[in-house]
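Examining the three-dimensional arrangement
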Amino acid sequence: MSSHTPRYALADSLEPETLAQTFPDYDDQLVARTVQEASDGLFEDPESVLPANLADNLDNDLYSHQADALAALQDGDNVTVATSTSSGKTWIYTLYFALLKQQNPDARALFLYPTKALSTDQEKAVNDLFNDLGVDATAETYDGDTKSGRKPIIRDKKDVVISNFAGINEYLSNHVKWNDVYENCELIVIDESHTYTGVHGMHVAWVIRRLRRMLNHYDADPQIVCSTATIGNPKEHSESLTGAEFTVIDNDGSPHGQREIAFWQPPVDKENDGHGYISEDEVVPDMRKRAGSEAARVTAHLGLNDVQTLTFTRSRQGTEIGAKQAGSAAGDHPSDEYLRVKPYHAGLSKKKRRGVEHQLKSGETDAVITTNALELGIDIGGVDATVLAGYPGTRQSFWQQVGRAGRGGSDSLSVFIPRSDAIDQYILDDPDYLLSDDVEDAVVDLENNAVYARHVLCAANESPLTEDDVEWFGPRDRLERAVSVWQDAGRMVGDLDRGAQYNGAPRPQSDISMYATTDELYDVRCTNGDIDMEPIEKKRAYRDYHPGALVMYDGQQYEVTDIHEDRYQPYVEVQRVNTREYTITLSDKRVHDLEVKESRDLGGGFSIHKGMGTVDVAYTQYKRMDIDGGHASSGMMPIDLPPVSLRTQLMWIELPNRMLPEVEAAVNDEEYIEPSEDSEFAGMSPARFTVAGGLHGAEHGMIKMAPLELRLDNSDMGGLSMPMHPETESPVWFIHDAVEGGVGFSYSIYENFEEIALKTLARVEHCSCGRVEGCPSCLMSSQCGNNNEPLHREATQFILDQVLYHATD
Amino acid sequence: MSGPLRVAVYPEVACERMRPNQLSESIDFLSPDIVIATAPYHRSLLRRSTEYDVPVITPANQTGTWVHNVADPLLVAIGSTKDISSLADLEAADELNPDTETFLLSDLLTVDIDLTDLTTTLDGQADYEAALNSNDIAGSYTHLTMNAPPDYRNNWGDLTVQGVVPGADGTGVEKTTTITLLTLHRNGLVSSRDIDAGKFGLEALDEIGPNRADTLRDAGFTSKEDVANTPPHELQSMDGFGRKTAQKIHASATALEDGDVHRTSDATVPHADPVFIDIETDGLSPTIVWLIGVLDSASDRYLTFTTRDPDAKGKAVVNFMMWYTANASNRPIVAYHGQGFDFPVLKDHIQRHCSKYVDAWEDAWKFDPYWWAVKNNNAILPGRTNKLEDVAEGLGWETDDTGLTGGAVAHVMQRWLANPCEETEPDWEKHEAYCEDDVRSMAYVFDAIKDADRLGGIAITGDATESDEENVQTAQGTLSDF
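Everything numeric here is computed off the predicted structure, so don't read it as measured data.

On to the overall build of chain B. Counting its secondary structure elements, chain B contains 17 helices and 19 strands. Judged by the C-alpha coordinates and their principal axes, chain B covers about 70 × 60 × 50 Å. Here chain B, with 482 residues, has 53% of them falling under the buried criterion. Taken as a whole, chain B presents about 21,000 Å² of accessible surface, with 45% of it coming from carbon and sulfur. Charge-centre separation for chain B: the mean point of 36 positive side chains lies 5 Å from the mean point of 80 negative side chains.

This part covers the sheet that holds strand β8 (residues 185-191) of chain A. Residues and elements named next belong to chain A. Read across the sheet, seven strands follow the order β6-β7-β5-β8-β9-β4-β10 without closing on themselves; strand pairing throughout is parallel. A single partner strand is all that each edge strand has here, and the edge strands are β6 (139-141) and β10 (247-249). Across this sheet, the average inter-strand angle for adjacent strands is 20°, counted without regard to direction. Bridging between strand β4 (residues 79-82) and strand β9 (residues 223-228) involves four bridges; their strand directions are parallel. Counterpart to threonine 80 in the pairing with β9 is cysteine 226.

Below, the discussion takes up the environment of glycine 603 of chain A. Checked against the element boundaries, glycine 603 of chain A lands in strand β24 (residues 581-603). Sequence separation between glycine 603 of chain A and valine 803 of chain A is 200 residues; the distance between their C-alpha atoms is 9.2 Å.

Facing the 40 residues of chain A at the interface are 31 residues of chain B. A buried area of about 2,900 Å², summed over both sides, lies between chain A and chain B, and 51% of it is on carbon and sulfur atoms. At the junction of chain A with chain B, the criterion picks out zero salt bridges. Inspection of the region where chain A meets chain B yields twelve residue pairs in polar contact (both at pLDDT 80 or more). Within the residue set of the side of chain A that touches chain B, elements represented by two or more residues are α6 (151-157), α8 (179-183), α17 (449-462), α19 (476-488) and β18 (501-502) of chain A. Take the side of chain A that touches chain B: its biggest share by element is seven residues, from α19 of chain A. Across the side of chain A that touches chain B, the residue classes break down as 17 nonpolar, eleven polar and twelve charged.

All names here are of chain A. Take glutamine 649: it is sitting in strand β27 (residues 644-654). Glutamine 649 sits in the buried class, given a relative accessible area of 0%. In this structure, the C-alpha to C-alpha distance between glutamine 649 and arginine 209, residues 440 residues apart in sequence, is 23 Å. A polar atom in the side chain of glutamine 649 sits 3.1 Å from the side chain of aspartate 445. Side-chain polar atoms of glutamine 649 contact the backbone oxygen of glycine 741, separated by 3.4 Å.

Each value, and the rule that gives it
- Residues numbered from 1 in each chain as written.
- Chains lettered and ligands numbered in written order.
- Predicted model: local features only at pLDDT ≥ 70, side-chain atom pairs only at ≥ 80, totals over all residues.
- Heavy atoms only, no water.
- Helix = DSSP H or I, 4+ residues; strand = E, 2+ residues; numbered from the N terminus.
- Buried < 20%, exposed > 50% of the residue type's maximum accessible area, 1.4 Å probe, protein only.
- Areas by Shrake-Rupley, 256 points an atom, 1.4 Å probe, with all protein chains shown as cover.
- Lys, Arg positive; Asp, Glu negative; His and termini not counted.
- Charge placed at Lys NZ, Arg CZ, Asp CG, Glu CD.
- Pairing = 2+ DSSP bridges.
- Axes fitted to C-alpha atoms, helices over the stretch in contact; angles between N-to-C directions.
- Contact = heavy atoms within 4.5 Å.
- Buried area = accessible area lost by both parts, 1.4 Å probe.
- Salt bridge = Lys/Arg side-chain N within 4 Å of Asp/Glu carboxyl O.
- Polar contact = N/O pair within 3.5 Å; in protein donor to acceptor, adjacent residues only side chain to side chain.
- Nonpolar A, V, L, I, M, F, W, Y, C, P; charged D, E, K, R; others polar.

What follows is the structure in structure tokens.
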């Protein structure tokens, strides 16, 4: 414990206002505050849901949601528990298994986790719990790291087998060896199920269906528990993921103290302020100090005032730099004390990490700057305050980080410091967004045929496909088509009536890459260090990992030096770098061969559609951009790669042709934008160029804002806008998935069109940049293949306004 | 009438990687009647690689028609659909035997699989069929295509299409150093056998890859015999050769030369008189085990358990278990590759058809000589590869090379099950005879292993920790809890 006496009253009165009052050189950073009220928690007597012999071994009462979940499970339901972390979800399924084991000594279970690290943690936790409960059961991990001598013992004897889905995919080919586990399996637990979205989620969804099919083959029908963070659609997600029906338990009965959140806007950086004093209205978010360095100052101030602080930042480098910055900020601090501050991230050795965790718990450190590695799971006791340098991407992460503050049920303070990007600025404009119950939806889509077909092939290898398998792989005609494709490809024999049998090389399961939709995979190799990255799809390699690209992975920056393709295993070569730059890649894109799956007529000539299309892209040039100044730090450099063609899911909006003159009329012609002489649009009239800017801006805006509604990353999407598209014969903008076959993201944007369009409009209207072309906080995108040309804020506003006027009519 | 046609296929990558001595050794070993090179510029390389007068053809740039063995042709290669008219001429002139299948080889058909749209098309089919029809081609043909792998076989309407080139998957990128030997039978059956380029030359020895092979060649070694005649301590003196590696290399060369099994550990094989088995099915994920060949070494009787009734899929398995539990339940069941195939398949089918025998099956002592020798590092088997037929041949077993593979037999069975009739009915006796030969050859190999001297004192066990753990298992009596 620190021995110095606090000079200020901050530690005693941990509130946003006190922070502002005591902050050295305070410059009006506190722009808003919001409060999440305390909760006492709701408790239940364990004996209401458990037999006495188990209930007696519990030291505390159950939270209400734990009791509710146990009751639902005992009714025979499958249960999705959607409550916050540290709300005791592990207890629910471990207790339930203990119950099952008492009723049937032969009962077995599969507990499945998304990572090996989590498996190891949970194995210990589950075994400790069995011990405490006095239950004769053990859990053990079975995965790629398990020694071969151990494997038969676990399969034959261990009550709970802990594993992951990549493993299950492989083990299904040997289901005969697993028959003891399968025959007696009464419970499957899918932990952190919200992490199964996108491409990976699709693969997991099919593996789960193949698993349930084989369990059925062995006459087992286990219950399923999905344990998930708070997402907008827990029931839908669990049901899409597993194909089974679920009861959702989401009334969180765990207690917590009052959480105050200060919205702390970094002051204007006087170094950027070249013209001296400028008015408040003229400040563009980019002109402000960086969130990271402001966070360092806030951390120092809190830490020096005896407020133990945990600061979250987005990259590993950010933690190291942040710790240094906090240290020097402490040096400049009037209190003239020494700040004990440490960085923490997954790249540190296990020993170092344990050391920091311990120091947090014991109070030997005043502050820790961390990545989301400390967001959940690991026991650090609780700190007094948290600082968030930038929005972590989802509300769930946000509350998880905030939730680290507060010891026991005490009140806590969190300081949110926005970065200049669109999402952070949106939240600054509308802090209530964070409090809304309507949390982002997790997307799992099963329509990708390429992935489906591969799993159907594996299923045939596990056991010949029959009519009965329509249950798992239906509808019937889709399964028939898949069987027929594989027959013609020489990999299956027979048909659904007699049994369609696998007829190819052994172990098709090994051909499944759980993170990709095609098999054109490129390794990623680092020449001056390690990079532990899954292979990437060729199209992604071309787009994001072309030679010269600067990329971030797991908090570390890399530059792509080369792509090697003329060999058995193609790979991308990268090297570690550390620059304050990023790259913008230019491309030529076309969308054609549209196949509509569904449409909605919004009226007034506006309509939205979803379906399949072919996206042809040629990546032509790139340039380096300075992160701080936002200007180019290099000229255009060529990319020497052939074009790619992607057949994928997309959504698009068709506007009536009269929109073109209407936009022209709506915009003040003094504000028309013009193409430059060397631009690809040279020669286009300013009026036309402006309208194109409106469409393009709307496309960008929606892609940028989609993460407010859906759990996805903008790099999962791409877009294209055109004043006149040859197939739709109208002005249009497209948003498409970035992988072959699609993963359901653009379809989700179609489903949530109005909400996303509204948020986009709000951001564009409120952006303080005041610029005609917008700025990175509203319209500009670092992923734009057109050099962020043309963009026009007012035109975008007008278009979105018109669309929404009709849509919400 | 001559026997089946042996066709060796040399993909581009294999030719690039192989040394001249490897190429010639491979052609000698495969003794093909025809060699196909996928890359036209390798034609002369391959012709130079053998002293025998083997035709080397390159369908990729073929012009006109090429007929093998004009006297009694089995294979015709064409360059374009126009050449199909010359087929008509051959038929008209009675130069093609109407009683046998003729194989038509070209580069004209490509199997295109589109998983996103869930469609498969045979590119080139329309023009190809049009040419066949307009020329009134009457005979029975199997159409060989350069653009599909050797295990590809499918009927497209009236076209029976068979692939030829290993690694050909329609993407145009060849990724493999595998050479294929196709055996084309007059009744239309096609067997194929893949063999990796690295099984020839010095690279065929254990622990010898391209780098060490270069080192050996630079030091004057030209053949495996040279290596076998050089004691390990001399081999060790070369760069990149450690003590253990040198011993392994020497042991592998010696085994190949001697035609003997070389023990590399003290682990024992089962002493009790084994029951040797081999099973025939309709594929790797079988719906039927239709034949179980059994050699009971205690009585020296050979037994066949079979079912020829598609509606009685379990009969062979049921009868086998009845016999085993009544007569041999305390003796080990031995199958080559049993660990990977026969044992799990039997367990599955016993569960399906006679689950009361599952316990007896589980309790039975099961032994796989391949697993024991190769995977558990207990012995080095002589033979170019560790396939049963090569090992048996390396040990001196003489057999008729039927050219039949498990895959080919499976195809036969699948065809019959799909449509049981006289035309598709397999030649049961022939298959049973081949099975017996396999079982007996396996017994021969097993006996050789049993008789082999222990290389006392030389503990050649590559990775000490892993093998020790697994050797402990084997020393405990080779119980098969795999």
